[in-house]
Amino acid sequence: MYVNSFKMKMSVTIGVMQMMFGVILSLFNHVHFGNYLNIYAEFIPQIIFLAFIFLYLVVIIIAKWIYFDPITMNTNCAPALLIGFINMFMFNYPNKDASPTPPCSSLTWYDGQQVIQTLLVVCALICAPWMLLVKPIILRQRSRQVKTAISVNSGDIRNQISENVEVVHHDETVLIVDEEVEKFEFGDIFIHQVIHTIEYCLGCISNTASYLRLWALSLAHAELSEVLWNMVFRIGLGIDGWLGAIMVPVVFAPWACLTIAILLLMEGLSAFLHTLRLHWVEFDNKFYSGSGYLFTPFSFDDIMDVPSGLGDD
């Protein structure tokens, strides 16, 4: 039972660490492409939201392992992390003097726990409107400032044109910039940010739960190993005398074939596909946006297709 609980907590710990690494990778993308607004409007609230809730869960998991040693302490009063996590979001902290007396596993187990957890939840909740509103508002303000600057410059150019000054090049530049500014739509930006915010906040919860598939794979592997051992190989070991000596190599052959076919090939392929999905969905969506250059497959026709005018020389 202890090993089962340990595997479950380890899968959550590995998942949170990998998601944290993915969010940190997004910072390098923002810096590389010069999207410094995304650092303040997306990266910082995302890392705070993930750390103040899920990284805190990993911390209390490790603290429980350290401070509630089954040898030196009474593990009956070890904190129930799931109940404590629910109480953390509901701001519900049972009083040990209440009647009836609540179980000791649901009580606070370190000094200042109520204050710290309340502060963490409040800060995490603030990150949601931070991700939702800051970027659209700043982009809208920038668009208005650019439009104002363009209108001023356009007036100056018209005054120069009235004085017969040659500024055709500047006038064309103003018209091009003005067309780009008109493309800004606050509604589209805001809707995109709403979708991104909801996807990230809910995704952190669903992605963390999705890493429990590692725990499920471990359980399935252990159960299949036990079934093959008890129902196949153990039959030969349970026979005494010379007949047992004959039966051991006889049952070894099907046991070895089933072990290779089920535990190594089938279970290995299943584990590979599940971990590949965790990398593709839970990890990549923290930093990969899918923008960039359109993939063009290699083709000799494209290489030999010389644009007109280049081969005239």
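So, here is what we can say about the structure in this document. Fair warning: this is a prediction, and the values are worked out from it, not measured in the lab. (Residues numbered from 1 in each chain as written. Predicted model: local features only at pLDDT ≥ 70, side-chain atom pairs only at ≥ 80, totals over all residues. Heavy atoms only, no water.)

## Thoughts on the pattern of salt bridges
Within this structure, the stated rule accounts for two salt bridges. Where Lys 135 meets Glu 42, a salt bridge forms, and the shortest distance between an N and an O atom there is 3.3 Å. Here Lys 135 is found in helix α4 (residues 113–162), whereas its partner Glu 42 is found in helix α2 (residues 36–67), with 93 residues between them in sequence. Between Arg 277 and Glu 282 there is a salt bridge; the shortest N-O distance is 2.8 Å. Overall, the relative accessible area of 34% leaves Arg 277 in the partly exposed class. (Salt bridge = Lys/Arg side-chain N within 4 Å of Asp/Glu carboxyl O. Helix = DSSP H or I, 4+ residues; strand = E, 2+ residues; numbered from the N terminus. Buried < 20%, exposed > 50% of the residue type's maximum accessible area, 1.4 Å probe, protein only.)

## Points about the environment of Cys 204
Within the secondary structure layout, Cys 204 lies in helix α6 (residues 186–210). With 151 residues separating them in the primary sequence, Cys 204 and Ile 53 have C-alpha atoms 9.6 Å apart. Excluding residues within four positions of it along the chain, Cys 204 makes contact with Met 19, Phe 49, Leu 50 and Phe 54. (Contact = heavy atoms within 4.5 Å.)

## Here's the deal with the layout of surface pockets
Approximately 790 Å³ is the volume found for the largest pocket. Lining of the largest pocket is provided by 26 residues; of these, Glu 42, His 196, Phe 287, Tyr 288 and Ser 289 occupy positions nearest its centre. Broken down by secondary-structure element, the contributors of at least two residues to the lining of the largest pocket are α1 (2–32), α2, α4 and α6. Among the elements that make up the lining of the largest pocket, the one with the highest residue count is α6 (eight residues). (1 Å grid on protein atoms, 1.4 Å probe; cavity = no way out; pocket = protein on both sides within 12 Å on 5 of 7 lines; lining within 4 Å. Points joined across faces, edges and corners; volume = space filled by probe spheres on them.)

## Observations concerning the packing of aromatic side chains
Geometry of an aromatic ring pair is reported as the spacing of the ring centres plus the angle between the planes. Within this structure, the stated rule accounts for 13 aromatic pairs. Ring centres 6.1 Å apart and planes at 70° place the aromatic pair Phe 233 and Phe 252 in the edge-to-face group. A residue pair is termed long-range when its members are at least 10 positions apart, and Phe 233 in helix α7 (residues 213–237) and Phe 252 in helix α8 (residues 241–283) qualify at 19 residues. Ring geometry for Phe 283 and Phe 287: centres 5.2 Å apart, planes at 65°, overall edge-to-face. The partly exposed category is assigned to Phe 287, whose relative accessible area is 23%. If you follow Arg 140 out to its NZ or CZ, it ends over the ring of Phe 186, 4.7 Å from the centre. (Phe/Tyr/Trp six-rings, centres within 6.5 Å; stacked < 30°, edge-to-face > 60°. Lys NZ or Arg CZ within 6 Å of the ring centre and 35° of its normal.)

## Things to note about unusual backbone geometry
Glycine aside, negative phi is the norm for most residues, and most peptide bonds take the trans geometry. Even without a glycine there, the phi angle at Phe 91 is positive, about 55°. Residue classification places Phe 91 among the partly exposed positions, given a relative accessible area of 41%.

## Concerning α7
For the α-helix, the turn length of 3.6 residues means that residues three or four positions removed from each other point alike. Helix length check: α7, at 25 residues, gives a terminal C-alpha distance of 34 Å against a target of 36 Å (1.5 Å per residue), a fit within 8%. Maximum bend of α7: about 35°, positioned at Trp 229. Among the structural elements, α8 are those in contact with the buried residues of α7. (Expected span 1.5 Å × (residues − 1). Bend = angle between axes of the 7 residues up to and from the residue.)

## Let's talk about the side chain of Thr 13
Along the chain, Thr 13 falls in helix α1. Sequence-distant contacts of Thr 13, defined by excluding residues within four places in its chain, comprise Val 58 and Ile 61.

## Here we look at α6
Across its 25 residues, α6 extends 34 Å between first and last C-alpha, which sits within 8% of the 36 Å expected from 1.5 Å per residue. If you look at α6, its biggest bend is around 35°, right at Gly 203. Among all positions in α6, only Gln 193, Thr 197, Tyr 200, Cys 201, Gly 203, Cys 204, Asn 207, Thr 208 and Ser 210 are buried.

So, to be careful, I would describe these as geometric facts and stop short of saying anything about function.
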